[in-house]
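Fold and geometry: a report
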Amino acid sequence: MALAMTSSSPQPPPPSHRRRRRPHPAAPTPNANSKPKPRAKALPLLSDVGVGRDPSAIKYYARVASNLAGAGRLRDFLLAAEGLRAAAGDDPSFAARISARLLSRGVAAAVRDRGLPHVLEFLRDAQRVRVPAAEMLDADASDAVAAACRMVLEERRMAEFVEVVEALARYGFYVQGIVNPMDVLKIFVKKHDPDMAIRYARIFPNSQLLLCNTMEAFGKRKELKSALTVFGALKGQLGGINMFACRSVIDICGHCGSSVQARIIFEGLLADKITPNTYVFNSLMNVNAHSLSYNLSVYKHMQNLGVAPDLTSYNILLKTCCNAREFNLAQEIYEEMKKKECDGLLKLDVFTYSTMMKVFADAKMWKMASNIKEDMQAGGVRLNLVTWSSLINAYANSGLVDRAIEILEEMIRDGCQPTAPCFNIILTACVKSCQYDRAFRLFYSWKKSGIKISLSPEQKICLDGGAFTFCKEYPSNGSTTLVVPFRPTVTTYNILMKACGTNAERAKSVMNEMRRNGLCPDLISWSILMDIHGTSQNRDGAVQALRRMQRIGIRLNVSAYTVAIKACVANKDLKLALHLFDEMKTHQLKPNLVTYKTLLTARSNYGSLQEVQQCLAIYQEMRKAGYEANDYYLKELIVEWCEGVLSSGSDNRDFYNLDLQPKRKESFNLFLEKVVTVLQKDVDQNQIVDVRGLSKVEARIVVLSVLRKIKEQYLLGTAVQDDVVIITGHEKTSRTEVETSAVDVEHAIVTVLTDDLGLEVLIGPGSHLPVLANPKAPTKSRSNLQVPTNFTRPQGVIKIPVNSLNHWLKKKAARD
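So, here is what we can say about the structure in this document. Bear in mind that the values here come from a model prediction, so they are computed numbers and not experimental data.

Quick look at the overall build of the chain now. Scanning the chain from terminus to terminus reveals 39 helices and 8 strands. Buried residues in the chain amount to 46% of all 816 residues. For the chain, the accessible surface area stands at approximately 42,000 Å², while carbon and sulfur atoms represent 51% of it.

This is the structure in structure tokens:
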């Protein structure tokens, strides 16, 4: 709609070419005493007064609009622009005649006086009337807008900042110059806000690169869920997903320890008919380097898709074989790589040789490791620090300490300066071979004068200009002695502490020497000291070391607590061991397999119901955590405890030996569940014992466990209130192996109750037919059961009446 002119607005120039120059009307200065003037009547529209497409009129009103903008009257400027655009018939020459200098001055003033929202509203309306205001702003105005945006960012009004930048980008403002986008994205990463990071990154043309960098930033912080959210946004971008993003997210999964998620992403690519490149396959295999079977399947799939493996692919396969200790397979892959090298398809690098060196070092195959060294020299590949260290380790693991020292000297002559871990390998070999004194002699010799190597003049020339500076000339024979200093680390002193054996005082002196050399004992140092105390039967010293660690601020881990628990167990103090076990869980530390096994093997026998219940609770917790225990050992202990209810439990060992070995893992789980159920039930509850599915030996153990529990509770003053009901199963007409086993279970239970314990039992659902005890019977055969000849056996239920139980308990109490 055309703009209506008022009396205060400038009149259009006359149509003639002669017209007077009229100054721009200045706004009247407000006066407190002046009265407001009455509103003037609206004049006709510009289109009605004949402006039309007259160039001179357009130029004139463009100048008027520019003056309005320069005075900060941005709304009036837009009204004038809209009216003139309509009158000129959308002639683009009007916008070109607007003064960018005046417009920029007005926008800068508006930012300063009215804030960003007013400027954003102006830019929106300017875009509507086809005035490219954002493109016309000069550097000063752009800097003012950018400074206002940065102020919002500094105040951490992040949602408002993103909305402002989004609006400026829509209006054509150069938003890349406001602030480095990655600086803002890092803020969202710290705030754990991937959704806002995605929204902000999509503002910019290089959004894919920004999203990839954001995903990697989340990955470095091990926030896998947020990284996957960003990856999902990348997949939704126009143009599809790139392989760099796939490789990055798989690497992130590996960094976060989620190889399963990496596999899911890979399978998703295959489901989307996307063929990964070699780099994606390499990243996937590297993440799953702990799983040989999976990586072999990935390698086969890689070949099926026609993706050629490169040197990195083979190196990762070697690494996987090394982790799986599959030395023969690693050797086969290595021979295949050497064949490809002969064919010119590959060029083995130092990583290949170093990996193979480590494979043979772990396998204690020092001859094969030496062959790898010869292959490297033949291939023109120089050994690096890792390769030399692996070679030293190969000899050290085999117990060849002297040969390991020779390799160390050869390493120095080759120009590779050893580090502390190289020396530590040799010291560790001494400790493992129980050469404790030699470990100390080597340590103090190296510490005092370093390691001395005699060099020929040719060897000295080769080392000149390298990292070695400790040379001493001997003019008499022209030789040179190279002195390589030895700088021990905390790990070095920890190895020496292990060499102290059971001498805790010597270990403490090593720790003090460590401190004098400016090193601080770490968690491993204190754990070694605790272990020495425990081995030397000094429980108090181990616990004091643990408390000292807490006082000096060392954060304890599972290993430290396990060492302390082990010391308590070694000193027969299971109560303190259990206390430390509970304390560890209070600090949100999950016990490991060694912790559980240490506690479970703490007892050679059980003396009370509480001790059995403690053991079973630990055992159940261990199995829920995914660990497997020694089922046979636990069953032995339970048998020994429950047989204590008999007068002579040792006479039944041959009977138990028939079935002690658990034939099936599921069978033992069922047995353990039955034992736990009956031992956790209170005595005053209905004692219903279900032995269905158990063997006769396991059923006997469960029943005796119930009676041992009842006996102990009775001695503590808890009387029996109800019968004990034992469910053995149902008998059918056909004679199968299962039914025969059920009959044997019932006979075994009745035999132990009547012959061994002298209890009266009732058989059948109604339990009206008694089976009387025969205490004079010397044997435990089935003929001792006094059952009528015309009696038909009912369904499998055995009941021990409460009166018989109380009578038996009184006799046991009097005898004990």
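The subject of this paragraph is unusual backbone geometry. In this model, His192 sits at a positive phi of 55°, which is unusual for a non-glycine residue. By the element assignment, His192 lies in the loop between α9 (181-190) and α10 (194-201). Assessed through its relative accessible area of 49%, His192 is described here as partly exposed. At Cys434, a residue that is not glycine, the phi angle is positive and equals roughly 60°.

On to helix α5 (residues 116-128). Taking 1.5 Å of rise per residue, 13 residues should cover 18 Å, and α5 covers 18 Å from first to last C-alpha, within 8% of that figure. Buried within α5 we find Leu116, His118, Val119, Leu120, Phe122, Leu123, Asp125 and Ala126. Directly beyond the C-terminal end of α5, a positive phi value near 65° is found at Arg130.

For the rest of this paragraph, the subject is helix α22 (residues 401-413). At 3.6 residues per turn, the α-helix brings residues three or four places apart onto the same side. The end-to-end C-alpha distance of α22, which contains 13 residues, comes to 19 Å, matching closely the 18 Å that a straight helix rising 1.5 Å per residue would cover. Among the residues making up α22, those that are buried are Val401, Ala404, Ile405, Ile407, Leu408, Met411 and Ile412. One side of α22 holds all its buried residues, which, seen down the axis, span an arc of 155°. A positive backbone phi angle near 95° is found at Gly415, which sits one or two residues after α22.

For the structure on display, the rule yields 23 salt bridges. A salt bridge links Lys508 to Glu505; the shortest N-O distance between them is 4.0 Å. With Lys508 and Glu505 both in helix α27 (residues 504-516) and 3 residues apart, the pair spans about one turn of that helix. For Lys508, a relative accessible area of 33% corresponds to the partly exposed category. Residues joined in a network through salt bridges with shared partners are Glu155, Arg157 and Glu160.

As enumerated under the stated definition, the model contains 16 aromatic pairs in all. Ring centres of Phe266 and Phe281 lie 5.3 Å apart, and the angle between their planes is 70°; on these two criteria the pair is classed as edge-to-face. In this pair, Phe266 is assigned in helix α14 (residues 259-271) and Phe281 in helix α15 (residues 278-287), connecting sequence segments 15 residues apart. In terms of burial, Phe266 and Phe281 fall into one category: buried. Members of the aromatic cluster, joined through ring pairs, are Phe423, Phe440, Phe443, Tyr444, Trp446, Phe486 and Tyr493. A cation over an aromatic ring shows up here: Arg506 above the ring of Phe440, its NZ or CZ 3.8 Å from the ring centre.

The rules we used
Within each chain, residues carry numbers counting from 1 in the order of the written sequence. Given that the model is predicted, a residue must reach a pLDDT of at least 70 before its local features are reported, and side-chain atom pairs must reach 80 or more before they are shown or counted; all residues, however, enter totals for whole chains, interfaces and linings. As a rule here, side-chain values cover all heavy atoms of the structure and leave hydrogens and water aside. Every helix listed is a DSSP run of H or I at least four residues long, and every strand listed is a run of E at least two residues long, numbered separately from the N terminus. Working definition: with a 1.4 Å probe on protein chains only, accessible area under 20% of the residue-type maximum means buried, over 50% means exposed, and in between means partly exposed. Here, Shrake-Rupley sampling with a 1.4 Å probe gives the accessible areas, and only protein chains in the shown set may cover a residue. An expected span of 1.5 Å times one less than the residue number is assigned to each helix. The arc in question is formed by the directions pointing from the helix axis toward the C-beta atoms. Each salt bridge in this description consists of a side-chain nitrogen of Lys or Arg and a carboxyl oxygen of Asp or Glu lying within 4 Å of one another. Between rings of Phe, Tyr and Trp, where Trp is taken as its six-membered ring, a pair exists when centres lie within 6.5 Å; planes separated by under 30 degrees are stacked, by over 60 edge-to-face, and by other angles tilted. Counted as over-ring charges are cases with an Arg CZ or a Lys NZ within 6 Å of the ring centre that also lie within 35 degrees of the ring normal.

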